Structures are given as C-alpha cells and as structure tokens.
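Each chain, written out:
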Amino acid sequence: MNSDVLRVVIVDDEEPARLAVRHDLEAIGGVTVVAECANGFEAVKAVSEQTVDLLLLDVQMPKLDGFDVLELIGKDVPVVFITAYDEFALRAFEVHAVDYLLKPFARERLEAALMRARARREQPRPDPSAVRATARPAAGPLDRLVIRDGPHVHVVPVGKIDYIEAQDDYVSVHTAGKSLLKEQTLADLERQLDAGRFVRVHRSYILNIERLARVELYAKDSRIAILHDGRKVPISRAGYQRLQELL
Amino acid sequence: MVHLTAWSVVGAIVAALSHALLGAPWLAAVVFALPLSLVAAPASMSGFYLSRALPLTPQTAVRVGGTAASAALVTAAVWAALGHLWWLGLNRTGVPELYLGAEQPAALAPLLVTVGAMGYVVSMAMHYVFRAYERAAADERRALRSEIAAREAELRALRAQIDPHFLFNSLNSISGLVGVDPAGARSMCQRLGDFLRDSLTLGGVGRIPLSREVALVRQYLEIEQVRFGSRLMVGSAVSAAAGAAMVPALLLQPLVENAVRHGIAGLIEGGTVSIQAERAGDSVVIVVENPRDPEARGRKGTGLGLDIVRRRLRAAFGDDASMRVEADDQSYRVVVTVPAGEPT
C-alpha cells in the first residue's frame, strides 16, 4: 500500500454527481482530480493527455457508455464504476473493474474503493485483451465499433464497415474511404459481428456482404471478391464455402 | 495555536503593566511576563472543559456566570502565586538585566489576579461562541436531512404513479448536492415535493386545463434540469385558446419522460424538449418534440408510455381524440389532438 497522491479522473454526464464525488474526494484527501469529464470522448482525451492513476466512471452516458470507455482505455487505467444501477455489477466484475459503487454512496465506501485502487497498483495488471474481450455487451451482435485514435474516438456503425483486415494483434477496419487500427484480433471480431452480414472470407479478412459486387476466379481455386467501389479482397477456399452458404 | 497566541498577547499586556505600574525595566518585564503567560494557556483549558459541561442558556446564565467567575478567580490566584515565585526567582538570579524591582511589590498580586481572571473569562466566552457556531452549522445540516427524509416518505406513497427512476434520480441528485450546495439541495427538495404534491392532487381531479397540464410538465422538466444542466432546454408555447381545453391530468407526462430519457439523455450536447399547442377549429393540436441521436443504442423504449397516452385519450374522448408519432433519425415528435371543448 503506497500513499502517493492518486491522480483521478471523474467521468459522469451529470454535474451534481461529479460535484458530489469531487467534494467527497477533497474530504478524503490523498487524491488530485486531474480532470472532470461529461462523456466518454472527454475521458479518452483526458487519459491520453496526462498520467491518470484511477478513473471514477459512470455507466449510463450518451453515445459511449462506461463499458465502451473501459474497452477503449481499460488496459491503461484502473476503473471504479459509479452508477445508480446495480444491473452492471456482473459485467463490471468480468472486466476486472477495481470496484463498483452504487449511488448514493457514503464517503467511507468511496474511501474503501480508493484503498483498493492503491492496492491494485501494486499487483500485475490483468491481461489487457481479457479486459477488452469481456467488456462486450452480452446481448446480440455488435451494432457498432468504438475505435481509439490517440485522444480521439471513432464510433463506426457496423453498416458502414466495408471490410476488416488482420494485422498481427490489430485489425484494420476499412470504412468510408479510410482505415482505422483497432487493438483486437480478427477471430474476436468475427465472433461478435452478425454472421449473417459479415463473413470471414479469408484467414485475414472479414467482408461486409452488402459491399460485395461479384466474385471472380483469380487462379485455380483462388478467388477474389470485388466490392462495389472496385476494391478487391482475397477469398480462401474455406472462405468461399462460408460465402456460398450464406448467399 | 490560537490559544497560545492569545495568551502571548496577555503576556505583552502583563509586561507593559509590570513596567508601567511596578517600575520593572522592559527586558526584565518581558522575560517575566511571557513565560508566565504561556503557562496560563494550559491552565485556562479548564475553562474549555467547563464550557462543555455547562451549556449556556438564558436559564443557566447566572449559574454559568458565577461558576466562570469563581473558576477564573481560583485559577488566577494560583497563577498569581506562581507569578510571585517567578518574580522572586528572577530577582535572585543575580543577573542585573533581569532584576525586576522590589521584593514583594504590593501591586503584583492584584495585577496578575485581575489580568488572569479576565483572560480566563474571555477564553471561556470564546469557547461558548465557537460551540454555538458549530451547533448552528450542525443544526442546518440536520434540518436538511430530515427534510429529505420527509420527502422520501411522501414519495414512497406516490411510487405507483410516477416513474420510479425519476424519483430515484432526483433523490440521488439531492443527495449529491447536500454537501456541496445545501441551498440548491433544499430548493430541489421543495420543487420535487411541490411537483409530487401537485400531481397527486391533480391526478385525482379528472380533467384540468391544458395550460395547467403544461405547467405541471414544466415543473417536472425543471427538476430534471438539475441533473442535466444546460443539456436539457425546455420550450413551450401554448396559445390562450388552446390552453383552455380540458385534458386528463398527467396526460403528457409519459411523452415528456420519454423525450428526456430516450432523446436528450442520449445526446452529448443535449437539446430542447418543446411543447406546443394550437387551436385548430374544434380541436387542439399538441406537439411534444425532442431531438435524438441517430445512432442511439440500447435502452430502446418499450412503447409503454405511448400506449398509456393512447388509452387515456380513448377513455377520455373516445374517437374524438387521436395521437400519432412522426419520427426520423434526428428527431421525435408526438402529435396529440384533443377536442377543444365547449366554450365556458
């Protein structure tokens, strides 16, 4: 247990809630609030721009909820969830959150959470991909991807994805004329995307069916998919089988 | 710390008086008075405990005064005796600069007793003042908390009629404000109480003028504005002719709740919930409109709110009333048409 000053960021879309937490933190002491954020975008920016020891994170927020934020930065910073609803507790546990506080909470409860955060700093971090993998919502296929680009966040509805290409531990998401790098495996994404719309046509490629114009035979047994905009994506044998099943 | 500084001031006074009245040289007087006075500081702590044990009220004033006076005199007498010994001690050191004067100055004892007693009494008085201040602050906090408790009880009775999440969120906001902005917390308590009382009363009445209904809905939105701050803006425009139409109380409540929960809450920058009502021939057309996030996810409404409004319209007006939803990616509008009613 160390007694350094903890650098804390408060993330909550409601100002009274942020004020109350700040007030409690000032009374408890041993922490500096380095940023107050009203949404997930501000939170990602804050974490990119300075050293942050702990995130106090609301769950219900516009556009990016608390778990989206965790997915984007959870491997860098320990997180304590602060929310009025208890239904997220199980998920919070799965993503290795440090603690889960139900609003309204007593100061002592917050103090206990801070102590846990300090203790956590001494321990090795949980495997980052484990943190990210379990931040997924349980219900239904993904309807959008959240991709971090330094201090910025791109929210990409799945309908806008053209195709996804694997690049070692990352994937390159091709959408609307640009490509964004996301720290995730292709296999992982394959599992979460709607199999009726996205097909793994190759070991390194997932294709959005809607973009497919036609399939051409390249060489013996080798095919390529031609997209509406003329781009080409290779199709493996297994990939072609999967494609045929769908079409 | 404050204590020691105060008694150092007393020390200076004693030094000055020793010099003036007893003819002691300055240096010696200071060496005499300062340590003596600092010794008095812990001695006057007995006054602190006395003030705790004897609360000061109009009834006990005389008793407290008497006790304080006697305690002061006794402590001061002991202090004066110590002072005398110290005086003699300084004289006997043989250091000329420290020589204070006559062996047993007649005025020393009265000087020390007077100054000591006064200092003691003043110190006791200050303790009383501090305690009164502390108590006032604690009382204010306690009053606020009991107000919150009273509201909570009232609210529990109303749970079936208003969305429980609204109550829960409002109480959370109030709870959050208590430590930071007590005046704001109290104000929100009152507004919440007023709204719930009004909706309880009006709910039993049957029909109310549309102008009253819109005012009620605005009360609700004002409370939500504490949570959302500038993210929730409210606009309403009800023409005089439209305002006279009679509608079931809380008819628009579910529409406005939806507007906030599914519209404003999903927007980073928030937006405006607008309520408009115009007379159109024999009918009055009411429009509740809000912006929304085209990519809003999760927490889709169950449609229950709209259903309730439809059913209430049918029960109140039969086929003479209607409701339709006009929605696109960016905005959501509910258009309710009710009879204008007989002219009064």
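Conventions adopted
- Residues numbered from 1 in each chain as written.
- Chains lettered and ligands numbered in written order.
- Predicted model: local features only at pLDDT ≥ 70, side-chain atom pairs only at ≥ 80, totals over all residues.
- Heavy atoms only, no water.
- Helix = DSSP H or I, 4+ residues; strand = E, 2+ residues; numbered from the N terminus.
- Buried < 20%, exposed > 50% of the residue type's maximum accessible area, 1.4 Å probe, protein only.
- Contact = heavy atoms within 4.5 Å.
- Areas by Shrake-Rupley, 256 points an atom, 1.4 Å probe, with all protein chains shown as cover.
- Pairing = 2+ DSSP bridges.
- Axes fitted to C-alpha atoms, helices over the stretch in contact; angles between N-to-C directions.
- Phe/Tyr/Trp six-rings, centres within 6.5 Å; stacked < 30°, edge-to-face > 60°.
- Lys NZ or Arg CZ within 6 Å of the ring centre and 35° of its normal.
- 1 Å grid on protein atoms, 1.4 Å probe; cavity = no way out; pocket = protein on both sides within 12 Å on 5 of 7 lines; lining within 4 Å.
- Points joined across faces, edges and corners; volume = space filled by probe spheres on them.
- Left-handed = near helix turned anticlockwise from the far one by under 90°.
- Nonpolar A, V, L, I, M, F, W, Y, C, P; charged D, E, K, R; others polar.
- Buried area = accessible area lost by both parts, 1.4 Å probe.
- Salt bridge = Lys/Arg side-chain N within 4 Å of Asp/Glu carboxyl O.
- Polar contact = N/O pair within 3.5 Å; in protein donor to acceptor, adjacent residues only side chain to side chain.

With respect to the overall build of chain A
Consideration 1: The helix and strand tally for chain A stands at eight helices and 15 strands.
Consideration 2: Scored against the burial criterion, the 247 residues of chain A give a buried share of 51%.
Consideration 3: Partitioning the intrachain contacts of chain A with sequence separation of at least 6 by distance along the chain shows that 53% fall at a separation of at least 24.
Consideration 4: Taken as a whole, chain A presents about 11600 Å² of accessible surface, with 49% of it coming from carbon and sulfur.

Structural notes on the sheet that holds strand S4 (residues 271-280) of chain B
Residues and elements named next belong to chain B.
Consideration 1: The five strands are arranged S2-S4-S5-S7-S6 in an open sheet whose pairing can be described as mixed. Each edge of the open sheet carries a strand with a single partner, namely strand S2 (232-238) and strand S6 (322-327). The average undirected angle you get between the axes of adjacent strands in this sheet is 10°.
Consideration 2: Bridge analysis of S6 against strand S7 (residues 331-339) gives six bridges, and the strand direction is antiparallel. Within S7, the residue paired with alanine 327 across the bridge is tyrosine 332.
Consideration 3: Sheet contacts for helix H8 (residues 210-228): S2, S4 and strand S5 (283-291); angle to S2, the most-contacted strand, approximately 170°.

Concerning the packing of aromatic side chains
Here a ring pair, both rings aromatic, is described through the centre-centre distance and the interplanar angle of the planes.
All names here are of chain A.
Consideration 1: Going through the model one piece at a time under the given rule, you end up with seven aromatic pairs over all chains.
Consideration 2: Seen from their ring centres, phenylalanine 67 and phenylalanine 88 are 6.1 Å apart, and the 55° between their planes marks the pair as tilted. A residue pair is termed long-range when its members are at least 10 positions apart, and phenylalanine 67 in helix H3 (residues 66-73) and phenylalanine 88 in the loop between strand S4 (79-83) and helix H4 (89-94) qualify at 21 residues. When sorted by exposure, phenylalanine 67 lands in the same class as phenylalanine 88, which is buried.
Consideration 3: Seen from their ring centres, tyrosine 163 and tyrosine 205 are 6.2 Å apart, and the 40° between their planes marks the pair as tilted. You can see tyrosine 163 sitting in strand S8 (residues 161-167) and its partner tyrosine 205 sitting in strand S12 (residues 205-208), a full 42 residues away along the chain.
Consideration 4: Within the aromatic cluster, the residues linked to one another by ring pairs are Phe67, Phe81, Phe88 and Tyr100.
Consideration 5: In this structure, arginine 91 is placed above the aromatic ring of phenylalanine 67, and the distance from its NZ or CZ to the ring centre is 3.8 Å.

Topic: empty space enclosed by the protein
Residue and element names in this part refer to chain B.
Consideration 1: Per the stated rule, a full pass over the model turns up three cavities of 30 Å³ or more.
Consideration 2: One number sums up the size of the second largest cavity: a volume of about 60 Å³.
Consideration 3: Lining the second largest cavity, in full, are Trp7, Ala40, Ala43, Ser44, Ala72, Thr75, Ala76, Trp79, Gly116 and Tyr120.
Consideration 4: Listed by contribution, the elements that provide at least two residues to the lining of the second largest cavity are helix H2 (26-43), helix H4 (61-92) and helix H5 (108-158).
Consideration 5: When residues of the lining of the second largest cavity are assigned to their parent elements, the largest contribution, four residues, is made by H4.

Here's the deal with the packing of H2(B) against H4(B)
Residue and element names in this part refer to chain B.
Consideration 1: For the pair H2 and H4, interaxial distance at closest approach is 10 Å and the crossing angle is 150°. Read as a crossing pair, H2 and H4 show a hand that is right-handed. Mapping the contact onto sequence places Ala28, Val31, Phe32, Pro35, Leu36, Ser37, Val39, Ala40 and Ala43 in H2 and Thr75, Trp79, Leu82, Gly83, Trp86, Trp87 and Leu90 in H4.
Consideration 2: Of the residues assigned to the contact of H2 with H4, the class counts are 13 nonpolar, three polar and no charged.

Examining the sheet that holds strand S14 (residues 222-227) of chain A
Residues and elements named next belong to chain A.
Consideration 1: Spatial ordering of the open sheet is given by S13-S14-S15, a layout of three strands whose pairing is antiparallel. Strands with a single pairing partner mark the edges of an open sheet, and in this sheet they are strand S13 (212-219) and strand S15 (232-235). Here the strands of the sheet are splayed against their neighbours by 30° on average, with no regard to which way each runs.
Consideration 2: Two strands pair when backbone bridges link them, and S13 and S14 are joined in this way by six bridges, in the antiparallel orientation. Considered in S14, the bridge of leucine 212 is made with leucine 227.
Consideration 3: In the packing of helix H8 (residues 237-246) onto the sheet, the strands contacted are S13, S14 and S15, and the crossing angle to S15 comes to about 100°.

As for the interface of chain A and chain B
Consideration 1: Facing 24 residues of chain A, the contacting portion of chain B comprises 21 residues.
Consideration 2: Of the roughly 1900 Å² buried between chain A and chain B on both sides combined, carbon and sulfur atoms contribute 51%.
Consideration 3: Applying the counting criterion to the chain A and chain B interface returns three salt bridges.
Consideration 4: As a salt-bridge pair, Lys63(A) and Asp293(B) come within 3.0 Å of each other at their nearest N and O atoms.
Consideration 5: At the boundary of chain A with chain B, the tally comes to four residue pairs in polar contact (both at pLDDT 80 or more).
Consideration 6: With five residues, the single largest contributor to the side of chain A that touches chain B is helix H1 (residues 15-28) of chain A.
Consideration 7: Here the residues of the side of chain A that touches chain B sort into ten nonpolar, three polar and eleven charged.

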